[in-house]
Amino acid sequence: MESLYEELHQEFDTEKRGALAVQMQQAMLDESAIFFVSHLNMGIVTKSNVTGMYAHPCDYYEITAELNVE
């Protein structure tokens, strides 16, 4: 898994990245993994007039009712 992760980290072609992600998921399933947890490593950049934007462990909840453009 670590070698696939390193390969994914260095790959920028979207099709190859997708294939690597599928390989990683299949490896987890083949090893009878019940679940896995991941953490998105990213930065958020906004204009100075944007308020209410907070980084969360997953990027699903960044657009909330508190988000505002002044």
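It should be noted that the structure appears before, not after, this text.
Our subject in this report is the structure included herewith. Being a predicted model, the structure only gives us computed values, none of them experimental.

1. Points about the packing of helix α1 (residues 2–10) against helix α2 (residues 14–30)
With their axes 10 Å apart at the nearest point, α1 and α2 run at an angle of 165 degrees to one another. Taken together, α1 and α2 sit at an angle that is classed as roughly antiparallel. As for the relative orientation of α1 and α2, their crossing is left-handed in sense. Residues L4, Y5, E7 and L8 of α1 pack against R17, L20, Q23 and M24 of α2. Each residue belonging to the contact of α1 with α2 can be placed in one class, and the counts come to five nonpolar, one polar and two charged.

2. Observations regarding the side chain of E11
With respect to the helices and strands, E11 occurs in the loop between α1 and α2. K16 is the oppositely charged side chain nearest to the buried, salt-bridge-free E11, at an N-O distance of 4.7 Å. Among the polar contacts made by the side chain of E11, one reaches the main-chain amide nitrogen of D13 at a distance of 3.0 Å. Setting aside anything within four residues of it in sequence, one finds E11 in contact with K16, R17 and L20.

Conventions we followed
Residues numbered from 1 in each chain as written. Predicted model: local features only at pLDDT ≥ 70, side-chain atom pairs only at ≥ 80, totals over all residues. Heavy atoms only, no water. Axes fitted to C-alpha atoms, helices over the stretch in contact; angles between N-to-C directions. Helix = DSSP H or I, 4+ residues; strand = E, 2+ residues; numbered from the N terminus. Parallel < 35°, antiparallel > 145°, perpendicular 65-115°, else oblique. Left-handed = near helix turned anticlockwise from the far one by under 90°. Contact = heavy atoms within 4.5 Å. Nonpolar A, V, L, I, M, F, W, Y, C, P; charged D, E, K, R; others polar. Buried < 20%, exposed > 50% of the residue type's maximum accessible area, 1.4 Å probe, protein only. Lys, Arg positive; Asp, Glu negative; His and termini not counted. Salt bridge = Lys/Arg side-chain N within 4 Å of Asp/Glu carboxyl O. Polar contact = N/O pair within 3.5 Å; in protein donor to acceptor, adjacent residues only side chain to side chain.

Coordinates in, geometry out; function isn't part of it.
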